[in-house]
Amino acid sequence: QPLILVPPARKFTVPVSVTSRFSYLATIGWKTRAFEGTTEVNAEREIGAGDPGPVIEWLEGYLGMRPIVVKRKHTRAYRLEGALAGATAELNRVDGLGDFLEVEVLCEPEERTAAVALVGEVFARLGVPEESVEPRYYVDLLMGAVPGRR
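Residues numbered from 1 in each chain as written. Predicted model: local features only at pLDDT ≥ 70, side-chain atom pairs only at ≥ 80, totals over all residues. Heavy atoms only, no water.

K.L.:
What should I look at first to understand the sheet that holds strand β10 (residues 98-104) in this one?
P.N.:
Sheet strands line up and pair through hydrogen bonds in the backbone, either parallel or antiparallel. Across the sheet, 3 strands lie side by side as β8-β9-β10; this open sheet has antiparallel pairing. A strand with exactly one partner marks an edge of an open sheet, and here the two such strands are β8 (73-79) and β10. Neighbouring strand axes in the sheet, compared pairwise and without regard to direction, differ in orientation by 20 degrees on average. Pairing of β8 with strand β9 (residues 88-94) involves 7 bridges; the strand directions are antiparallel. Counterpart to H74 in the pairing with β9 is R93. (Pairing = 2+ DSSP bridges. Helix = DSSP H or I, 4+ residues; strand = E, 2+ residues; numbered from the N terminus. Axes fitted to C-alpha atoms, helices over the stretch in contact; angles between N-to-C directions.)

In structure tokens, the structure reads:
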């Protein structure tokens, strides 16, 4: 369940997440968020950080970051094959928001155009119309869903 933190005096555009899959193992992650049409295209980075307690203490106490939301996402991932090889379909249940289908393609920057096309092909084959694609990030949706936050 990632704890999403933002730096002081900055716009909410580059949050840092602390993900704890186990009580003793944290991952610090951040990404540059962008869209190409209706497809989310991110440059993501992660660092293994060990015990999440001191990590959160350091981010809050030393760097002055503050928590804004906790995102709990339960995922079933499926690696696609054949013409759709290279893509992963994820069925996600996000606490407080509901169910979502995500299609992810990990690639190098020079493969971006082909990756975006592959994501579109997966949605097309699944019969998901473009107008059904949610353009907002889970964190933004959650912040809108939490009374007193925005």
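K.L.:
Looking at this structure, I do not really get the environment of V133. What am I missing?
P.N.:
Here V133 lies in the loop between α2 (112-125) and α3 (138-145). The partly exposed category is assigned to V133, whose relative accessible area is 25%. V133 sits 10 residues away from F123 along the chain, and the two C-alpha atoms are 9.2 Å apart. (Buried < 20%, exposed > 50% of the residue type's maximum accessible area, 1.4 Å probe, protein only.)

K.L.:
For this particular structure, what's the right way to read the packing of aromatic side chains?
P.N.:
The relation between two aromatic rings is expressed through the spacing of the ring centres and the mutual angle of the planes. Evaluation of the coordinates by the stated rule reveals 3 aromatic pairs. Ring geometry for F35 versus Y137: centroids 5.6 Å apart, planes at 50 degrees, classification tilted. Highlighted residues: F35 in strand β4 (residues 35-36) and Y137 in the loop between α2 and α3, separated in sequence by 102 residues. Overall, Y137 belongs to the buried group, its relative accessible area being 12%. Where W58 meets Y62, the ring centres are 6.4 Å apart and the plane angle is 15 degrees; that geometry is what we call stacked. Residue W58 and its partner Y62 are located together in helix α1 (residues 52-62), separated by 4 residues, close to a single helical turn. Given a relative accessible area of 41%, W58 falls into the partly exposed group. (Phe/Tyr/Trp six-rings, centres within 6.5 Å; stacked < 30°, edge-to-face > 60°.)

K.L.:
What am I meant to see in α1 here?
P.N.:
Since the α-helix turns once every 3.6 residues, residues separated by three or four places project in the same direction. What α1 keeps buried is the set P52, V55 and L59. The arc enclosing the buried residues of α1, seen along the axis, measures out at 65 degrees, which places them on a common side. Facing away from the buried surface of α1 by more than 90 degrees, the exposed residues are E57, G61 and Y62. Between a side-chain oxygen at the N-terminus of α1 and the backbone nitrogen of G53 the separation is 3.0 Å; the capping residue is D51. (Arc of directions from axis to C-beta. Polar contact = N/O pair within 3.5 Å; in protein donor to acceptor, adjacent residues only side chain to side chain.)

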